[in-house]
Amino acid sequence: VDAVAASEMFYKLLIVVFLAVSLQGAPADGQKKKETLLSEKVSQMMEWTSKRAVIRLNGEKFRRLIRAPPRNYSVIIMFTALQPQRQCGVCKQADEEYQILANSWRYSNAFTNRIFFAMVDFDEGSDVFQMLNMNSAPTFINFPAKGKPKRADTYELQVRGFAAEQLARWVADRTDVHIRVIRPPNYAGPLMLGLLLAFIGSLAYVRRNNLEFLFNKNVWAFSALCFVLIMTSGQMWNHIRGPPYAHKNPNTGQVSYIHGSSQAQFVAETHIVLLFNAAVTLGIVLLHEAATSDLDVGKRKIMCVAGIGLVVLFFSWLLSIFRAKYHGYPYSFLLG
Amino acid sequence: ASVSGFLSLLSFTILFLAWLAGFSSRLFAVIRFESIIHEFDPWFNYRSTHHLSTNGFYEFLNWFDERAWYPLGRIVGGTVYPGLMVTAGLIHYILNLLHVTVHIRDVCVFLAPVFSGLTAVSTFLLTRELWNQGAGLLAACFIAIVPGYISRSVAGSFDNEGIAIFALQFTYYLWVKSVKTGSVFWTIGCCLSYFYMVSAWGGYVFIINLIPLHVFVLLLMQRFSRRLYIAYSTFYIVGLVLSMQIPFVGFQPIRTSEHMAAAGVFALLQAYAFLQYLKDRLTRQEFQTLFFLGVSLAAGVVFLTLTKPSLPPLLRYAKIHIPIIASVSEHQPTTWVSFFFDLHILVCTFPAGLWFCIKNINDERVFVALYAISAVYFAGVMVRLMLTLTPVVCMLSAIAFSSVFEHYLGDDMKRENPIKQHPFYPVKNSSVYSKLIVTMLMLMLLMMFAVHCTWVTSNAYSSPSVVLASYNHDGSRNILDDFREAYYWLRQNTDEHARVMSWWDYGYQIAGMANRTTLVDNNTWNNSHIALVGKAMSSNESAAYEIMKSLDVDYVLIIFGGVIGYSGDDINKFLWMVRIAEGEHPKDIRESDYFTPQGEFRVDKAGSPTLLNCLMYKMSYYRFGEMQLDFRTPPGFDRTRNAEIGNKDIRLKHLEEAFTSEHWLVRIYRVKKQENRQALDHKLRNIAAKQKYTSKKVLPSRFH
């Protein structure tokens, strides 16, 4: 087996040497110069790509490797502003997706030197931004192997979003290079779960002689109630849709915690609703306890009054919030 | 004896009134409009029921519907849950047998309201098993009018859910009963009810997972008993066999992962019972050896199967379900407003009921707690599953209200009852005023709940959506009956075998009301076929003509709301057509072509040229540019999108307008047949002949 491999190696070497010789002996001098320049550029790009999936360019590199003519490779460039003082939140998210795309390409089996991924940060190459007359970031532009970028070579970020899959489709569209996006698996969730289980396990082990707490109905009832309240206040919606915590009006600086429409909600709003629901539940439980517990009469009276107060106040408050959100709802209770 | 008789009379009256209230609050649509089937899916159910009642049950089971999914067709008998149709057909049959001649349509329209009464009764029974009679009556009243359930069961909404919630609640009642008694009689009843549920709705999967979960949790809580063993073993085997009798379900219960939890729990229960049996027979030492032997044997089996490439079903279960959990975001999650809208006060009080249940736990309250927790999770993930949460919310809220009322509505008779838990009976001590205030408060809340339910039912859930209504400034009402007008036109004026292309939303209605063949319908099983229709709608006219020719389309039906400002029309749904078409034909259709460079979807002059020349646009706005709706707006002003249309000079080459309804809501176009090939000018053909041809033949002499 070794012998075969060695002979294969030998042939490969031979071919490389032959190629090198034939390249050296190319007839036209200009052609030769162009080709050496090109292979230099390609090897330069390959070297950078091997270090980092997304090549960082500044003005000088951009002009030399992208703008200057001999080029047989496409380059996808993300123009962005990642410096913290620029406060571009979208840029960070777009950058993450772009890195995923570039890494998927870098480590895929189909990796060739036909296409490279690069980026220009505004603070490193503002002259490039000026040269291309660009005033928004992030922007994705494909510099095709032949000719100048056309209109469709600028990625429509507003329409298609910056998900890596969408970017990959666009790249396939423009350059015929198909990239399968492979997202690095997220270990955070299982890790947290594992830690939690380990914590519970160790707790149970430490208290192994006293496992009474497992039979404590209050603990179970309390956790069931927490789960139910979390669900009925729309936390699952928040989890899936990811709304902002609250909305700050940029003109007046006023912060609104309640979303105006019944189709959407803010995170703060759901927390408020959770508390209100919990308060009404507590009120009902207090009313029940006031009637059944064997405390003295005074305490039970206080419990009863507190129960009435909680139910009345928080339910009418909840109803008024609902009324503000659901336009045209006619009913209210105490609070307008 | 007279007291208990009085009590049962009272219960009976309350249940009857709850049934009546539930029935009548579902009649808004019938009173405002007429006795008509609503929306989309009910039209298919109605059509199938009609087929069943005219052709008989076996003909229905073997029905191949050639009017749907042209040219594929659909095997209806094997792809529906037949419970709904069979129920309606049976009621119709019995009524006709008794010479009560009603039309099958009226049976279908009023089926869901009648079944809501049965749901109320079964909820009463279940809650009585869980808590007490009073809570049961409250729960029955709640479920009769709660919007979360009314949304799927108004008169005319002839859908599976209408009868399935009754089957669900009744199955749970019989399950709780069989766990309580451990009698095979109740369990067989539970299986039969489960069978009915399987025949009625795909949501039976909820039952076949919740009951094993209940058994499993009871085992964990060391509440194993003979009763539980008998109930679950019988339920699993009989229920399994029965559920496999439904053609649509078939072998799924032993194949698919949704059902594997039930099988796993069944095996576990058998093992547990066996160990219990051994424990009684053997000494402690022997038992321990045997236990470890068994455990190591089981571990070995698991290890062997793990290393094998083909995983056993139970492990595959977990594997398949991880992407499902991940893809949950596909569904529409529920906001707190939806919860409050559908449940009102119940959403705040049912956690209290859950608290009371867990504090006073027993076997059946474990069940209701698990029911609440799982249903609230599913309802949070998907707004449609609010329906399965509603019954348990009603029951737990009833428990909460009832346990408050019990102590504050203190009646004298109760005070003499021997069931006091506490030596100092509290009512004696609490002042009359606090009793009065709390009672008034609770009654006030319940009254607000009733008012809310009525308002929501009347305003949000009682529109047939086949007939629209608009209100003038003086409160008078206009009925827009364009849909039925157009479907009736199709029925009367087109060939019986004409094929109508439309977006899939209207497939069932065209089949049901116009009785014509459709290409795609609401049973969206074939994505590529839908994508083809979407491609035809979003291509230009000549490309669309090629597709329509290949699909033998005779008519195209579209919904256009620009004249009256109806927002659910095809232009507003258009991007979905484009997206679905793009998914299958990415080379021909691109979503970005339909947007302006700024990424907006607009129909005016600034809109993208691809949009302005696609078939859907042309059909929607054909001759709309000539129409001036009022003096403040230019001609061709679209009221739905508030824009003047960008292409007013629309000419159609391969289509011609066949019908437009009164308010332009439905427009139907006829697809022209292909023209003759090689149309020539009228000039005579001029063949350049060098010399005049004369026959050289010599005629036979007899003709001279």
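Keep in mind that what you see is a predicted model, and the values were worked out from it rather than measured.

Student: Explain the overall build of chain A to me, please; I cannot follow it from the model alone.
Tutor: Each helix and strand counted, chain A has 12 helices and six strands in total. Look at the contacts in chain A between residues 6 or more apart in sequence, and 62% of them connect residues 24 or more apart. Of the roughly 20,100 Å² of accessible surface on chain A, a fraction of 61% belongs to carbon and sulfur atoms.

Student: Honestly, the overall build of chain B in this entry has me stumped. Any pointers?
Tutor: Within chain B, the secondary structure is distributed over 30 helices and 11 strands. The burial tally for chain B puts 52% of its 704 residues in the buried class. Considering only intrachain contacts with a sequence separation of at least 6, the fraction spanning at least 24 residues in chain B is 72%. In the form shown here, chain B has an accessible surface area of approximately 33,700 Å², with 60% of it arising from carbon and sulfur atoms.

Student: What exactly am I supposed to notice about helix α17 (residues 336-343) of chain B here?
Tutor: Residue pairs spaced three or four apart in an α-helix point in one direction, given the helix's 3.6 residues per turn. Residue and element names in this part refer to chain B. The buried fraction of α17 amounts to seven of the eight residues, a majority that puts the element mostly inside the structure. Those residues of α17 that sit buried are W336, V337, F339, F340, F341, D342 and L343. Positive backbone phi, at 50°, marks H344, one or two positions downstream of α17.

Student: Explain the interface of chain A and chain B here, please?
Tutor: Where the parts come together, the accessible area they lose is often given as the size of the interface. Across the boundary between the two partners, chain A contributes 58 residues, which contact 58 residues of chain B. Both faces considered, chain A and chain B share a buried interface measuring about 5,400 Å² in area, 77% of it formed by carbon and sulfur atoms. Where B:E582 meets A:R169, a salt bridge forms, and the shortest distance between an N and an O atom there is 3.4 Å. Applying the counting criterion to the chain A and chain B interface returns seven residue pairs in polar contact (both at pLDDT 80 or more).

Student: In this structure, what is going on with the sheet that holds strand β7 (residues 555-559) of chain B? I would like to understand it.
Tutor: Think of a sheet as strands paired side by side through backbone hydrogen bonds, with each pair either parallel or antiparallel. All names here are of chain B. Read across the sheet, five strands follow the order β6-β5-β7-β11-β10 without closing on themselves; strand pairing throughout is mixed. Strands at the two margins of the open sheet, each flanked by one partner only, are β6 (517-518) and β10 (655-660). Across five bridges, the pairing between β10 and strand β11 (residues 666-671) is antiparallel. Bridged to E657 within β11 is Y669. Strands in contact with helix α24 (residues 482-493) are β5 (499-501), β7, β10 and β11; relative to β11, the strand with the most contacts, it is inclined by about 25°.

Student: Is there a simple way to explain the packing of helix α1 (residues 2-25) of chain B against helix α7 (residues 133-145) of chain B in this structure?
Tutor: The angle between the axes and the distance between the axes are what describe a pair of packed helices. Residue and element names in this part refer to chain B. Following both chains from N to C, one finds α1 and α7 inclined at 10°, their axes separated by 8 Å at the closest point. When the axes of α1 and α7 are compared, the pair comes out roughly parallel. Viewed along their axes, α1 and α7 form a crossing whose handedness is left-handed. Across from S11, I14, L15, A18, G22 and S25 in α1, the residues of α7 making contact are Q133, L137, A140, C141, A144 and I145.

Student: Whenever I open this one, the UniProt feature "transmembrane region" (unreviewed entry) in chain A confuses me. Can you help?
Tutor: All names here are of chain A. Sites flagged by UniProt as "transmembrane region" (unreviewed entry) map to residues 187-206, 218-237, 272-290 and 302-322. For residues 187-206, the end-to-end C-alpha separation is 28 Å, with 95% helix and 0% strand making up the annotated structure. From the first C-alpha to the last, residues 218-237 spans 28 Å; its make-up is 90% helix and 0% strand.

Student: Hey, could you run me through the packing of aromatic side chains in this one?
Tutor: When we look at a pair of aromatic rings, we describe it by the centre distance and by the angle of the planes. As enumerated under the stated definition, the model contains 65 aromatic pairs over all chains in all. Here A:Y98 and A:F117 contribute two aromatic rings whose centre-to-centre distance is 5.8 Å and whose plane-to-plane angle is 75°, an arrangement assigned as edge-to-face. Pair noted here: A:Y98 is in helix α4 (residues 89-106) and A:F117 is in strand β3 (residues 115-121), with a separation of 19 residues, a long-range link. We classify A:F117 as buried; its relative accessible area is 2%. Geometrically, the ring pair formed by A:Y326 and B:F341 is stacked, given 4.8 Å between the ring centres and 25° between the ring planes. Here B:F341 lies in helix α17 and A:Y326 lies in the segment after α12 (297-325), a pairing that spans two chains. A:Y326 sits in the partly exposed class, given a relative accessible area of 22%. On the basis of relative accessibility, which here comes to 7%, the residue B:F341 falls in the buried class. Ring-pair connections join several aromatic residues into one group, and the members of that group are A:F315, A:F322, A:Y326, A:Y329, A:Y331, B:W336, B:F340, B:F341, B:W455 and B:Y461. Positioned above the aromatic ring of A:W48, the side-chain terminus of A:K61 is 4.8 Å from the ring centre. In this structure, B:R477 is placed above the aromatic ring of B:F33, and the distance from its NZ or CZ to the ring centre is 5.4 Å.

Student: Would you mind going over the environment of A:R64 with me for this structure?
Tutor: Residues and elements named next belong to chain A. The residue R64 is located in helix α3 (residues 59-67) in this model. Take R64: its relative accessible area is 38%, and that puts it in the partly exposed class. Distance in space between the C-alpha atoms of R64 and G242 is 43 Å, their sequence separation being 178 residues. Residues contacting R64, with those up to four places away along its chain left out, are K41, Q44 and W48.

Student: Would you mind showing me how to read the environment of A:E165 here?
Tutor: Relative to the assigned elements, A:E165 resides in helix α7 (residues 164-175). On the basis of relative accessible area, A:E165 is assigned to the partly exposed category, the value being 37%.

Student: Which parts of the structure should I look at to understand the nonpolar core?
Tutor: The tendency in soluble globular proteins is for nonpolar side chains to be buried side by side. With 145 residues, the main nonpolar core has A:F315, B:Y172, B:W175, B:Y232, B:L389 and B:M442 as its most contacted residues. Ranked by the residues each element gives to this core, the list is headed by helix α20 (residues 386-408) of chain B, at 15 residues. With 96 residues, the next largest nonpolar core counts B:V109, B:I558, B:I559 and B:V578 among its residues.

Student: Help me understand α7(A), please; the structure alone is not making it clear to me.
Tutor: All names here are of chain A. For α7, built from 12 residues, the straight-helix expectation of 16 Å at 1.5 Å per residue is met to within 8% by its first-to-last C-alpha distance of 16 Å. What α7 keeps buried is the set A164, L167, A168, W170, V171, A172 and T175. A positive backbone phi angle near 65° is found at D176, which sits one or two residues after α7.

Student: Sorry if this is basic, but what is going on with the pairing of strand β2 (residues 74-80) of chain A here?
Tutor: The two faces of a sheet get side chains in turn, since along a regular strand they alternate between them. All names here are of chain A. Of all seven residues in β2, seven are buried, a share of seventy percent or more. Burial of the side chains of β2 extends over both faces: S74, I76, M78 and T80 are buried on one face and V75, I77 and F79 on the other. Relative to β3, β2 runs parallel, the two sharing seven bridges. Each bridged residue has a counterpart across the sheet, and for F79 the counterpart in β3 is V120. The parallel pair β2 and β3, bridged by α4, forms a crossover whose chirality is right-handed. Where β2 meets strand β4 (residues 139-143), five bridges bridge the pair, whose relative direction is antiparallel.

Student: Sorry, what's going on with the packing of helix α9 (residues 160-181) of chain B against helix α19 (residues 363-381) of chain B here?
Tutor: Residue and element names in this part refer to chain B. As a packed pair, α9 and α19 sit with axes 9 Å apart at the nearest point and diverge in direction by 150°. The orientation of α9 with respect to α19, classified from their angle, is roughly antiparallel. Two packed elements cross with a definite hand, and for α9 against α19 that hand is right-handed. On α19, the residues touching L168, Q169, Y172, W175, V176, V179 and K180 of α9 are D363, E364, F367 and Y371.

Student: Explanation requested: the pattern of salt bridges in the structure shown.
Tutor: Opposite charge on two side chains makes pairing possible when the charged atoms of those side chains draw close. Throughout the structure, instances matching the rule amount to 38 salt bridges over all chains. One salt bridge connects A:E60 with A:R64, and the closest N-O pair in it is separated by 3.3 Å. Here the residue A:E60 and the residue A:R64 both occupy positions in helix α3, the gap between them amounting to four residues, near one helical turn. Here the residues in one salt-bridge network are B:E129, B:K177, B:K180 and B:E364, joined through shared partners.

Rules of the game
Residues numbered from 1 in each chain as written. Chains lettered and ligands numbered in written order. Predicted model: local features only at pLDDT ≥ 70, side-chain atom pairs only at ≥ 80, totals over all residues. Heavy atoms only, no water. Helix = DSSP H or I, 4+ residues; strand = E, 2+ residues; numbered from the N terminus. Contact = heavy atoms within 4.5 Å. Areas by Shrake-Rupley, 256 points an atom, 1.4 Å probe, with all protein chains shown as cover. Buried < 20%, exposed > 50% of the residue type's maximum accessible area, 1.4 Å probe, protein only. Buried area = accessible area lost by both parts, 1.4 Å probe. Salt bridge = Lys/Arg side-chain N within 4 Å of Asp/Glu carboxyl O. Polar contact = N/O pair within 3.5 Å; in protein donor to acceptor, adjacent residues only side chain to side chain. Pairing = 2+ DSSP bridges. Axes fitted to C-alpha atoms, helices over the stretch in contact; angles between N-to-C directions. Parallel < 35°, antiparallel > 145°, perpendicular 65-115°, else oblique. Left-handed = near helix turned anticlockwise from the far one by under 90°. UniProt positions renumbered as here; feature names shortened; annotations may be inferred. Phe/Tyr/Trp six-rings, centres within 6.5 Å; stacked < 30°, edge-to-face > 60°. Lys NZ or Arg CZ within 6 Å of the ring centre and 35° of its normal. Core = buried A, V, L, I, M, F, W, Y, C linked by side-chain atoms within 4.5 Å. Expected span 1.5 Å × (residues − 1). Right-handed = clockwise from strand over helix to strand, strands pointing away.

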